[in-house]
Amino acid sequence: MTGNPYPLGLRLAGRRVVVVGGGAVATRRVPALLDAGADVLLVAPELTPALRAHVDARRLRWEPRRFAPDDLDGAWLVQVAVDDPVAAASVSAAAAERRIFCVRADDRAAATAWTPAVTRHGPVTVAVLGGGDPRRAMTVRDAIRDLLSLRNGTLSTPAVEEGPLPHARGGRVALVGAGPGDPELITVKGWRLLTGADVVVADRLVPGLLLDELRPDVELVDASKIPYGPSRAQEEINRILVERALAGKAVVRLKGGDPYVFGRGGEELLACAAAGVPVTVVPGVTSAISVPAAAGVPVTHRAVAHEFTVVSGHVAPDSPASLVRWEALAGLRGTLVVLMGLKNLAAIAGTLVGHGKDPATPVAVVQEGTTGAQRDLRTTLGAVAADVAAAGLRPPAVVVIGDVVTALDSPAG
Ligand code: SAH
């Protein structure tokens, strides 16, 4: 095709975009489309777990079958993310007939639109096209990103000293906290290691937009896709980390929030250490503190709470497997932050009240905090279980119990 590409910023909010294919390419492309507010229709017989999570959360519509030309009716844009050239060509043909721009991950020459390499800085989006060479586009994008982020200016010395992760013989693992959901809430160090990684092993809670910017040759392992029970799956993750590092790869294990807050980071560190693999731990912004903040709740506040306690609610209070002394927590004055607590919420609230916690204690429940899909609810300890059920709130959610919930409601005098 001749002629230079003509750049545009597509405003896709509420507009239909069809994505054909449910594999790795679609997994990388969909988050940016959702971020743009597009009405995404995904057509694919099968989906990756990350895409299925979007379907389960009703962020997009899925047609579990092969593409049919009618799928494009009403669409503004189509992204082809299948590698079968015949199937891809039939999407192209249907798009051309309807005058819909068609992005082809499999064949840039056949595409009528190209996706640029992108870096986002608050309201500014920089998009780079490399004249048909995606690597050139990414190199230029990376340089612009470094300029805009001031990372070079403020951190040039450590960035140069540490360099990219060593590639030659000494592979290594970085356990990186990705933050609670907003892709800008990863640390500078975590971001730098992520962009230098050869292999990224990511959890389901990791913000999809962070993965959107990875180089296409990075091996992306979706840890939520590993098909055994939780403990076998953890062994398998440990095995992948060790094996790739011993093969000389720079491995980033990317985890939601902070790696050591209910994230099994310690187990992964021990597995790597046992195999002689060097590990760097990069803390993350934990949801335990940031998600309440995103809903206007400070976990401490002067003259209101001088302590906060973070507890997992994934084991029911009356279970013999519980390691939490809920009766003791009921006697604390300060803030109680419960992660993974929705399933057992009625039992948790009931146990706290049963041990003397005031049922009028204010409670906030925050689902998908710091993301565009954040929902939150204010209630009381006595009413929280019923209110959460009525509102249909779902995991991931943080429950905050204590007077801090209302601390910022009226401006302090
Ligand atoms: N290591 C993570 C926590 C992992 S446990 C961290 O430090 O944040 C998973 C739980 O974290 C979820 O069940 C939920 O309770 C909480 N969580 C994580 N991200 C969240 C988000 N964006 N909004 C609400 N809760 C979140």
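What counts, and where the lines are drawn
- Residues numbered from 1 in each chain as written.
- Predicted model: local features only at pLDDT ≥ 70, side-chain atom pairs only at ≥ 80, totals over all residues.
- Heavy atoms only, no water.
- UniProt positions renumbered as here; feature names shortened; annotations may be inferred.
- pLDDT = per-residue confidence, 0-100.
- Contact = heavy atoms within 4.5 Å.
- 1 Å grid on protein atoms, 1.4 Å probe; cavity = no way out; pocket = protein on both sides within 12 Å on 5 of 7 lines; lining within 4 Å.
- Points joined across faces, edges and corners; volume = space filled by probe spheres on them.
- Nonpolar A, V, L, I, M, F, W, Y, C, P; charged D, E, K, R; others polar.
- Helix = DSSP H or I, 4+ residues; strand = E, 2+ residues; numbered from the N terminus.
- Pairing = 2+ DSSP bridges.
- Axes fitted to C-alpha atoms, helices over the stretch in contact; angles between N-to-C directions.

- The name that an unreviewed UniProt entry assigns to the chain is Uroporphyrinogen-III C-methyltransferase, with the source organism given as Micromonospora citrea.
- In the Catalytic activity (unreviewed entry) part of its UniProt record, the chain is described as follows: "precorrin-2 + NAD(+) = sirohydrochlorin + NADH + 2 H(+)".
- According to the UniProt record, the Pathway (unreviewed entry) comment for the chain reads "Porphyrin-containing compound metabolism; siroheme biosynthesis; sirohydrochlorin from precorrin-2: step 1/1."

**Observations regarding the confidence of the model for the chain**
So, point 1. Chain-level statistics for the chain give a pLDDT mean of 91 and a share of 94% at 70 or above.
So, point 2. Confidence drops under pLDDT 50 across residues 151-168; counting only partners more than four residues distant or on other chains, this segment forms 23 contacts.

**What to know about empty space enclosed by the protein**
The rolling of a water-molecule-sized probe over the atoms marks out the regions of remaining empty space.
So, point 1. On inspection of all chains with the given rule, the structure shows 1 cavity of 30 Å³ or more.
So, point 2. In this structure, the largest cavity spans a volume of roughly 40 Å³.
So, point 3. As for the largest cavity, its lining consists of Thr309, Leu329, Leu332, Gly334, Thr335, Leu336 and Lys357.
So, point 4. Of the residues that constitute the lining of the largest cavity, the class distribution is 3 nonpolar, 3 polar and 1 charged.

**Topic: the UniProt feature "domain: Tetrapyrrole methylase" (unreviewed entry) in the chain**
So, point 1. As recorded in UniProt, the sites labelled "domain: Tetrapyrrole methylase" (unreviewed entry) are residues 173-384.
So, point 2. Across residues 173-384, helical content stands at 30% and strand content at 21%; the span's end C-alpha atoms are separated by 41 Å.

**Some details on the sheet that holds strand S8 (residues 172-177)**
So, point 1. With respect to topology, 5 strands assemble into an open sheet ordered S10-S9-S11-S8-S12, the strand pairing being parallel. Across the chains shown, the open sheet's two edge strands, defined by having one partner strand only, are strand S10 (219-222) and strand S12 (279-282). Strand-to-strand twist across the sheet, computed as the mean angle between neighbouring axes with direction ignored, equals 15°.
So, point 2. Taken together, the 4 bridges between strand S9 (residues 199-202) and S10 define a ladder with parallel strand orientation. Residue pairing in the sheet places alanine 202 in a bridge with aspartate 222 of S10.
So, point 3. The strands that helix H6 (residues 188-195) touches are S8, S9, strand S11 (250-255) and S12; relative to S12, the one it contacts most, it runs at about 135°.
So, point 4. Set on the sheet, helix H8 (residues 230-246) makes contact with S8, S9, S10 and S11; between it and S11 the angle comes to about 155°.

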